Amino acid sequence: MEVTTPPRPPGNLKATTTTTTATFSWSAPANTGTPSGYEVAYSSDGGSNWSGVTTVSGTSSTVSGLSADTPYSFRVVAIGVYGGRSGPSTVSGRTLPYPPNPPTNLSLLNGSSDSFALQFSAPSVDATHGVPTGYRVEYSSNGGLSWSQTSWSSPSGAVFGLAGNQEYRFRVLAFNAGGNSSYTPVETGTTASRAPENLRAGDVTDTQITIAWSAPAQPNPPSGYRVDLNYNSNPSTPNYSYGTITNLPGNVLSKTFGLSPNRAYNFRVIAVGSAGPGDYSSVTAKTLSVPPVGLTPATIWPNRVKLTWSAPVQYGTISDYRVEYSSDGGGSWNLFADGVGTATEAIVTGLEFSTPYLFRVAVVGGGETAGVVGRYATISATTKDPYQWETPVS
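Please read all numbers here as calculations on a predicted model, not as lab measurements.

K.L.:
Would you mind going over the overall build of the chain in detail, with residue names and values included?
P.N.:
When helices and strands are tallied, the chain shows 0 helices and 29 strands. Here the C-alpha radius of gyration of the chain, 44 Å, is well above what a compact globule of 394 residues would show, namely 21 Å. Its C-alpha atoms give the chain principal-axis dimensions of roughly 160 × 45 × 35 Å. Sequence-distant contacts, at least 24 apart, represent 62% of the contacts inside the chain between residues at least 6 apart. When the accessible area of the chain is evaluated, it comes to approximately 19,700 Å², of which 48% is carbon and sulfur surface.

K.L.:
Quick one: what's the story with the pattern of salt bridges, residue by residue and with numbers?
P.N.:
Inspection of the entire model under this criterion finds 12 salt bridges. Two residues, Glu-345 and Lys-306, come together in a salt bridge whose shortest N-O distance is 3.9 Å. Of the two residues, Glu-345 sits in strand S27 (residues 345-348) while Lys-306 sits in strand S24 (residues 305-310), which places them 39 residues apart along the sequence. If you follow the salt bridges from partner to partner, you end up with Glu-39, Arg-75 and Arg-85 in one network.

K.L.:
So what's going on with the environment of Thr-207? Residues and values would help.
P.N.:
Positionally, Thr-207 belongs in the loop between strand S16 (197-202) and strand S17 (208-214). If sequence neighbours within four positions are ignored, Thr-207 has contacts with Phe-257, Gly-258 and Leu-259.

K.L.:
Describe the packing of aromatic side chains, with residues and values.
P.N.:
Evaluation of the coordinates by the stated rule reveals 16 aromatic pairs. When the centroid spacing of 5.5 Å and the interplanar angle of 70° are considered together, the rings of Phe-116 and Phe-170 count as edge-to-face. Pair noted here: Phe-116 is in strand S9 (residues 115-121) and Phe-170 is in strand S13 (residues 167-176), with a separation of 54 residues, a long-range link. Considered together, Phe-116 and Phe-170 belong to a single accessibility category, that of buried residues. For the pair Trp-309 and Tyr-321, a centre-to-centre distance of 5.3 Å together with 65° between the ring planes defines the contact as edge-to-face. Taken together, the residues Trp-309 in strand S24 and Tyr-321 in strand S25 (residues 317-326) connect sequence positions 12 residues apart.

K.L.:
Explain the sheet that holds strand S22 (residues 276-286) residue by residue, including any values.
P.N.:
Strand order across the open sheet formed by 4 strands is S19-S18-S21-S22, with antiparallel pairing between neighbours. Because the sheet does not close on itself, it has two edges, and the strands there are strand S19 (243-249) and S22. Geometrically, the sheet is characterised by an average inter-axis angle of 20° between neighbouring strands, direction not taken into account. When strand S21 (residues 264-273) meets S22, the two strands line up antiparallel, connected through 9 bridges.

K.L.:
Give me the side chain of Thr-191: which residues, what numbers.
P.N.:
Relative to the helices and strands, Thr-191 is located in the loop between strand S15 (187-190) and S16. Among the polar contacts listed, one links the side chain of Thr-191 to the backbone oxygen of Ala-163, at a separation of 2.6 Å. Reaching out from Thr-191, the side chain makes a polar contact with the backbone nitrogen of Asn-165 at a distance of 3.0 Å. Once residues lying within four places of it in the same chain are set aside, the contact partners of Thr-191 are Ser-112, Ser-113, Ser-115, Phe-116, Leu-162, Ala-163, Gly-164, Asn-165, Gln-166, Tyr-168 and Ala-275.

K.L.:
Before we move on, could you go through unusual backbone geometry and cite the residues and values that matter?
P.N.:
Although it is not a glycine, Asn-198 sits at a positive phi angle of roughly 55°. As for its position among the elements, Asn-198 is in strand S16. A positive phi angle, near 55°, is found at Asn-262, a position not held by glycine. Along the chain, Asn-262 falls in the loop between strand S20 (254-258) and S21.

K.L.:
Lay out the sheet that holds S25 in plain terms, naming residues and giving numbers.
P.N.:
Spatially, S26-S25-S28-S29 is the arrangement adopted by the 4 strands of the open sheet, whose pairing is antiparallel. Whereas interior strands pair on both sides, the edge strands pair on one side only; in this sheet they are strand S26 (334-336) and strand S29 (373-382). On average, each strand axis in the sheet is tilted by 30° relative to the strand beside it, whichever way the strands run. Sheet topology places S25 next to strand S28 (residues 356-366); 9 bridges connect them, and they run antiparallel. Counted as the bridge partner of Tyr-321 is Val-363 from S28.

K.L.:
Please provide a residue-by-residue account of the pairing of S27, values included.
P.N.:
Across the two faces of S27 the burial differs, with Ala-346 and Val-348 buried and Glu-345 and Ile-347 not buried at all. In this sheet, S27 lies alongside S24 in antiparallel orientation, the contact comprising 4 bridges. When the bridges of S27 are listed, Leu-307 appears paired with Ala-346.

K.L.:
Describe the side chain of Ser-289, with residues and values.
P.N.:
Summarising the element assignment, Ser-289 is placed in the loop between S22 and strand S23 (293-300). Within the structure, Ser-289 has its side chain in polar contact with the side chain of Gln-314 (distance 2.5 Å). The contacts of Ser-289, once residues within four sequence positions are left out, are Asp-206, Asn-262, Pro-312, Gln-314, Val-363, Gly-374 and Arg-375.

Definitions and limits used
- Residues numbered from 1 in each chain as written.
- Predicted model: local features only at pLDDT ≥ 70, side-chain atom pairs only at ≥ 80, totals over all residues.
- Heavy atoms only, no water.
- Helix = DSSP H or I, 4+ residues; strand = E, 2+ residues; numbered from the N terminus.
- Rg over C-alpha atoms; globule rule 2.2 N^0.38 Å.
- Contact = heavy atoms within 4.5 Å.
- Areas by Shrake-Rupley, 256 points an atom, 1.4 Å probe, with all protein chains shown as cover.
- Salt bridge = Lys/Arg side-chain N within 4 Å of Asp/Glu carboxyl O.
- Phe/Tyr/Trp six-rings, centres within 6.5 Å; stacked < 30°, edge-to-face > 60°.
- Buried < 20%, exposed > 50% of the residue type's maximum accessible area, 1.4 Å probe, protein only.
- Pairing = 2+ DSSP bridges.
- Axes fitted to C-alpha atoms, helices over the stretch in contact; angles between N-to-C directions.
- Polar contact = N/O pair within 3.5 Å; in protein donor to acceptor, adjacent residues only side chain to side chain.

The structure is reproduced here in structure tokens:
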């Protein structure tokens, strides 16, 4: 009598699933001859009950009619040429979910110069559409010719890294392991313009300040600029508020303003784009004081001169006066250090006999213009010859 050995179990059993099918494959058992076939089956209850039992001759099989997003066990048994059966080889797998429905109610919320906030409603779930595990947000700056993308886990957020003053298109799809939904309808929005660059103040006098700036680096330049002005020198105070003083076209990058002396002015330049006013840059500048009034060489000695003057009538305070003198017609000036004070006279000492001098005096601002040296009042005087000079009678 001939004795046969049952085949060994199939090896390398693997399963690949779709939403409603599973394809599993294996290799023939080694060292026991070629089986006459293989019995395949599947179970949805962990192996307590087996369904779809069938025999195949090859080393792969596809099962259809499965439920989506469901765990299954798959079993393969090798059948010997003379009827013997191997032990089972098993593998577990899960069918994929149905792709989700698309999100709804996509809307654009707040936009800035480099971002846009979006929100939408999560899609509904039904018998043929599964639960989304995430969302793909896509955006285009070229009318939809190409799209960039980012993934979100919830139906709201913001897209960052955008260009200023640029129109963007947005669309969203939902996805899960089973695939992608269709897209939402496209929503369009334009980012705000970025702030003007290199804002600076120059050409400052007692009656005017010129401010200038550069256009922001972005694909589309601003269509214009709005200049706001605030007269309060302390931006941290509660009444710190701006008022618009002019609107300029996009090709104008500087402006001179006529202003009052001895004041601090806070300028804010706002870039205006297709979405309206955008980001701003700010700068503070201080006008000079007007010159002291009535500068006079009240008394002239051989080696000193007494200067007198009156304080100018203007806004703000005075912390000091700067007194200077020159013996070379104004080519160079010497500072007369007479201390700090608001007295309207000074006796300049240390001068040479019988020498022509220029003298000038300027207000040094206090308060909001502290330390700012104003415009000078200038007079000339010649010191006396000590051999011809008589002491003044007081």
